[in-house]
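# An overview of the molecular structure
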Amino acid sequence: MVKLKKYLVSTQIKETWPENKNNHIIFSSIAPLQKFPDKDFPYKKFNINNKYWTPQRVAKDFKYIENLYEKTLLKLSSNLNDIHKTNYSKKFWRILIGPWLFNFIFFSFDRWKNITTTLNKFKIDKVKILNLNKNLLTPYEGEDFIIVSGKDLWNQYIYQTICLDLLPRKKIDYINYNTKKQIETDISSLNQGTKKPNSIKLIIFNFFNFFKKTKYKYLIYRIYTGAIKEIKLSLKLGQFPLLFIPKEKYKKNKNINYNIRKKLNKLVKPKNKFENFISKIIQNQVPKVFLENFDDLKNFSSKSNLPQNPKKILTANALWHDSFFMYHTAKLAEKRSKIIYAQHGGAYGISKYSWPEKHEKKISDKYLTWGWKGSKSEKKIKSFFLLTKPIKYDWDEKKEKLLVLLRFRQRYIQSPETESCCDLYSEYLKYWSKVLTNLDENIKKNVVLRLKYKNLNPKSIDFFSNLEKNFTFDSSKSYYDSCMRSRLLITNTTNTGFLEAIASNVPIMCIINKSNIPFRKSAQGIFNLLEKNKIIFYNPEKAAKYINFLWKDNVKSWWFKKETQLAIEEFKKNFAKPNKNIIGAISQEINKL
């Protein structure tokens, strides 16, 4: 009789699952499961490791991750200067490689904790290791890294490398695997959820590229206002807009240079097993444009139709993954061009921990928020205005829809901030189910579940298979059109949609799992005010009960109640401050620095 074994599984790649369905699977996280196992799940014996992150662990562990990041950044910057025979400042390298480096360390730490906590809790007999071609897993630039790090193959590589460090060889089964084929499969799915400019937009974008921009005083790119306002701002400043930057022609196909990468050995002296793991694996994970293809960045910067000596650089989200634009900006910062960075989403100034916010403030000379203020020592932070366009909401009593704004599922944690780490998607859906199931029947039939992107399949988020069969999904319309058709909006996060609705006085309710999504102290007083006026709820059943009360003819009276409007105004002033002349306000702010 064959002895059944416990297999450790960390991704959806089926070759890493046991062939014998009678074996016991131990999932290191919930990520390998497309949906929660039901009666048809072929493996009857399984366990799912508990999530690692809690708000308390975020507070503690991110101090450690930030410290490791800063030490690694300092050493890697020095090494890259030596390799490329340059003398760039730490700020230059922070702008260029910072987001990739921090995310790489954070993602690796998250996967490390999933494995170590699993091994501490369960006895593991076997783990399947794929024979992967590591050369094919080295990203070309930052954009490639953030894409592949959300896919199974990259995560399998990280997980199994951790297992090789921690498990005895007798527990390892090696499996032949076609790495290239899986990469092609991943590439074919990359367009899911992305927005591509339509043909008319492309014509307009390319039209403006015919005008020479190398001597422009300002470099303005992706400022979060939308293309029309970006055009208006550029024209107001006496130049044509920069809406699209072609870079494909600068990309060259070069082989991995192992001699160069060996110079990155032991970037920091390891103090524990995790740091030893990072020091080994990072050599293969540094994007090629930072090493072998560095000339691609240099050629792009010097030969592209971009401002070459602007006084000011204004952007909102272009310095995260676009390594080409990041290099050009870093070069200009070395020449003393000033960086004005603008907030580009919700939760900034609200979330208890947000590394993206910390990073953006650190690399900028001026940081424009949507209303909140920094500490007394943060002189560069400017309380500014919401950059997105307002929603013109029409109060029509005949509106029947309850619009539910859903998050989309990222199976592998990819954002270094409290909500993404702590609010596990399965917990998130269970919380939402308590709201939806407690609604009156006449409301349930008018519920519309809206995903962020039009082409996301509801099955990709319906983890417990109880949403699609009971409610209507519709993401075909724009967010603004969806709002116009709805009597009330509900969400579970203080994201951009919530802030836009509040700023435009669109009736919205936020129902938050407070144990997973804590606020920072500076925001707590305003959220207490929202809770008092029933705009924020921390109990899903109570929220559903209040929606039932409001639904027939009380939404408008609640929303325009004096106390409710005062609470809304207070929130707007601090986190979603509207401005009807946002172009004029931005123009003035640029000229002040």
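A quick note: this is a predicted structure, and the numbers were derived from the prediction, not measured. (Residues numbered from 1 in each chain as written. Predicted model: local features only at pLDDT ≥ 70, side-chain atom pairs only at ≥ 80, totals over all residues. Heavy atoms only, no water.)

## Concerning the sheet that holds strand β13 (residues 472-473)
Think of a sheet as strands paired side by side through backbone hydrogen bonds, with each pair either parallel or antiparallel. To be explicit about the condition: Two strands are counted as paired when DSSP detects at least two bridges linking them. A run of H or I in DSSP counts as a helix once it spans at least four residues, and a run of E counts as a strand once it spans at least two, with each numbered from the N terminus. Any two residues whose heavy atoms approach within 4.5 Å at even a single point are treated as in contact. Between N-to-C directions, angles span 0 to 180 degrees; the directions come from axes that are lines fitted to C-alpha atoms, helices contributing only their stretch in contact.
Read from one edge of the open sheet, 6 strands run β13-β12-β11-β14-β15-β16, paired in parallel fashion. Both outer strands of the open sheet, β13 and β16 (536-537), are each paired with one neighbouring strand and no more. In the sheet, strand β15 (residues 508-511) pairs with β16 via 2 bridges, with the strands oriented parallel. Bridging from a neighbouring strand, Ile-511 pairs with Phe-537 of β16. Along the sheet, helix α19 (residues 540-550) makes contact with β11 (401-405), β14 (486-491), β15 and β16, crossing β15 at roughly 160°.

## Points about the side chain of Thr-138
To keep things clear, this is the line we draw: Relative accessible area decides the class of each residue, using a 1.4 Å probe on protein chains only: under 20% of the type maximum gives buried, over 50% gives exposed, and in between gives partly exposed. Any pair of nitrogen or oxygen atoms within 3.5 Å is treated as a polar contact; in protein, a donor-acceptor pairing is required on top of that, and neighbouring residues in sequence qualify only through side-chain atoms on both sides.
Its location among the elements puts Thr-138 in the loop between β4 (126-131) and α3 (142-148). A relative accessible area of 9% places Thr-138 in the buried class. In terms of polar contacts, Thr-138 uses its side chain to reach the backbone carbonyl oxygen of Asn-284, at 2.7 Å. When residues no more than four places from it in sequence are discounted, the contact partners of Thr-138 are Ile-256, Arg-261, Asn-284, Val-286 and Lys-288.

## Comments concerning the confidence of the model for the protein chain
Residues shown with low pLDDT carry predicted positions that ought not to be read at fine detail. Stated formally: Confidence of the predictor at the level of single residues is captured by pLDDT, which takes values from 0 to 100.
Mean pLDDT over the protein chain works out to 93, with 97% of the residues at or above the 70 mark. Within the model, the stretch residues 190-194 combines pLDDT values under 50 with 8 contacts to residues more than four positions away or in other chains.

## What about the sheet that holds strand β9 (residues 366-369)?
Spatial strand order, β6-β7-β8-β9-β10: 5 strands in an open sheet with parallel pairing. Only two strands of the sheet have a single partner each, and these edge strands are β6 (218-220) and β10 (381-383). This sheet shows a mean twist of 20° between the axes of neighbouring strands, independent of strand direction. Two elements, strand β8 (residues 338-342) and β9, share 3 bridges in a ladder whose sense is parallel. Looking at the pairing, Ile-340 lines up with Lys-366 of β9.

## What about the packing of aromatic side chains?
Note the cut-off: We call Phe, Tyr and Trp rings a pair once their centres come within 6.5 Å, taking the six-membered ring for Trp, and we label the pair stacked below 30 degrees between planes, edge-to-face above 60, and tilted otherwise.
In total, this model carries 64 aromatic pairs according to the counting rule given. Judged by centre distance (5.8 Å) and plane angle (40°), the rings of Phe-36 and Phe-464 are tilted. Placement of Phe-36 in the loop between β2 (24-27) and β3 (46-48) and of Phe-464 in the loop between β12 (447-450) and β13 is noted, with a sequence separation of 428 residues between them. Under the relative-accessibility criterion, Phe-36 is labelled partly exposed at 36%.

## Quick look at unusual backbone geometry
Even without a glycine there, the phi angle at Arg-336 is positive, about 80°. As for its placement among the helices and strands, Arg-336 is situated in the loop between α11 (323-334) and β8. Residue class for Arg-336 comes out exposed when judged on its relative accessible area of 65%. Positive phi is not limited to glycine here, since Asn-505 has a value of about 60°.

## So, the packing of helix α4 (residues 152-166) against helix α9 (residues 273-285)
Condition: When an angle is under 35 degrees it counts as roughly parallel; over 145 it counts as roughly antiparallel; between 65 and 115 it counts as roughly perpendicular; any other value is oblique. Throughout, a crossing is termed right-handed when the near helix is turned clockwise from the far one, and left-handed when it is turned anticlockwise from it by less than a right angle. Side-chain classes are defined by residue name, with Ala, Val, Leu, Ile, Met, Phe, Trp, Tyr, Cys and Pro counting as nonpolar, Asp, Glu, Lys and Arg as charged, and the others, Gly among them, as polar.
Running from N to C, α4 and α9 cross one another at 135°; their axes reach a closest spacing of 11 Å. The pairing of α4 with α9 is recorded here as oblique in orientation. Our pair here, α4 against α9, has a crossing hand that is right-handed. Facing α4, whose interface residues are Trp-154, Tyr-157, Ile-158, Thr-161, Ile-162, Asp-165 and Leu-166, α9 presents Lys-273, Phe-277, Lys-280, Ile-281, Asn-284 and Gln-285. For the contact of α4 with α9, the class distribution of residues is 7 nonpolar, 3 polar and 3 charged.

## Some remarks on the environment of Leu-387
Structurally, Leu-387 is set in the loop between β10 and β11. A residue is classified by how much of its surface remains accessible, and Leu-387, at 3% relative accessible area, is buried. Between the alpha carbons of Leu-387 and Phe-27 there is a distance of 42 Å; along the sequence they are 360 residues apart.

## Observations regarding the nonpolar core
As a reminder, the rule being used: Each nonpolar core is a collection of buried residues, namely Ala, Val, Leu, Ile, Met, Phe, Trp, Tyr and Cys, held together in the definition by side-chain atoms within 4.5 Å.
Membership of the largest hydrophobic core comes to 191 residues, with the highest contact counts inside it found for Trp-53 and Phe-571. With 15 residues, the single largest contributor to this core is helix α2 (residues 90-121). With residues near it in sequence (within four places) discarded, Trp-53 still touches Val-58, Asp-61, Phe-62, Ile-65, Phe-106, Phe-109, Asp-110, Ile-413, Cys-421 and Cys-422.

## Some thoughts on helix α7 (residues 227-236)
Since the α-helix packs 3.6 residues into each turn, any two residues three or four apart lie on the same face. Quick reminder of the rule: Regarding the arc, it is the one traced by the directions from the helix axis to the C-beta atoms.
Regarding α7, the residues found buried are Glu-230, Ile-231, Leu-233 and Ser-234. All buried residues of α7 fall inside an arc of 165° around its axis, so they share one side. More than 90 degrees from the buried face of α7, the exposed residues found are Ile-228, Lys-232 and Lys-236. For α7, the secondary structure elements touched by its buried residues are α6 (199-208), β6, β7 (312-315) and α22 (582-592). At the C-terminal side of α7, Gly-238 shows a positive phi close to 80°.

## Quick word on the pairing of β12
In the case of a regular strand, side chains alternate between the two sheet surfaces. The alternating pattern of β12 places Val-447 and Leu-449 on one face and Val-448 and Arg-450 on the opposite face, and all of these are buried. As defined by bridge partners, β11 adjoins β12 across 4 bridges and the pair is classed as parallel. Counted as the bridge partner of Val-404 is Leu-449 from β12. Sheet analysis places β12 next to β13, joined by 2 bridges and oriented parallel. Note on β13: the bridge partner recorded for Leu-449 is Phe-473.

## A word on a negative patch on the surface
Here is the rule: Patch building starts from residues that exceed 30% relative accessible area and form no salt bridge, then joins like charges within 9 Å and nonpolar side chains (Val, Leu, Ile, Met, Phe, Trp, Tyr) within 5 Å. To be clear on the numbers: accessible area is Shrake-Rupley with a 1.4 Å probe, and residue cover counts the displayed protein chains and nothing else. Any Lys or Arg side-chain nitrogen found within 4 Å of a carboxyl oxygen on Asp or Glu counts as a salt bridge. His is not counted here, nor are the chain ends, while Lys and Arg score as positive and Asp and Glu score as negative. Where a charge lies is defined by one atom per residue type: Lys uses NZ, Arg uses CZ, Asp uses CG and Glu uses CD.
On the surface, a cluster of negative charge is made up of Asp-394, Asp-396, Glu-397 and Asp-553. With respect to the helices and strands, Asp-553 occurs in the loop between α19 and α20 (555-559). Its relative accessible area of 53% is what places Asp-553 among the exposed residues.

## Examining the packing of helix α14 (residues 425-437) against α19
At a closest axis distance of 7 Å, the pairing of α14 and α19 adopts a crossing angle of 30°. Taken as axis vectors, α14 and α19 run roughly parallel relative to one another. Of the two elements, α14 crosses α19, and the hand of that crossing is right-handed. On α19, the residues touching Tyr-431, Lys-434 and Val-435 of α14 are Pro-540, Glu-541 and Ala-544.

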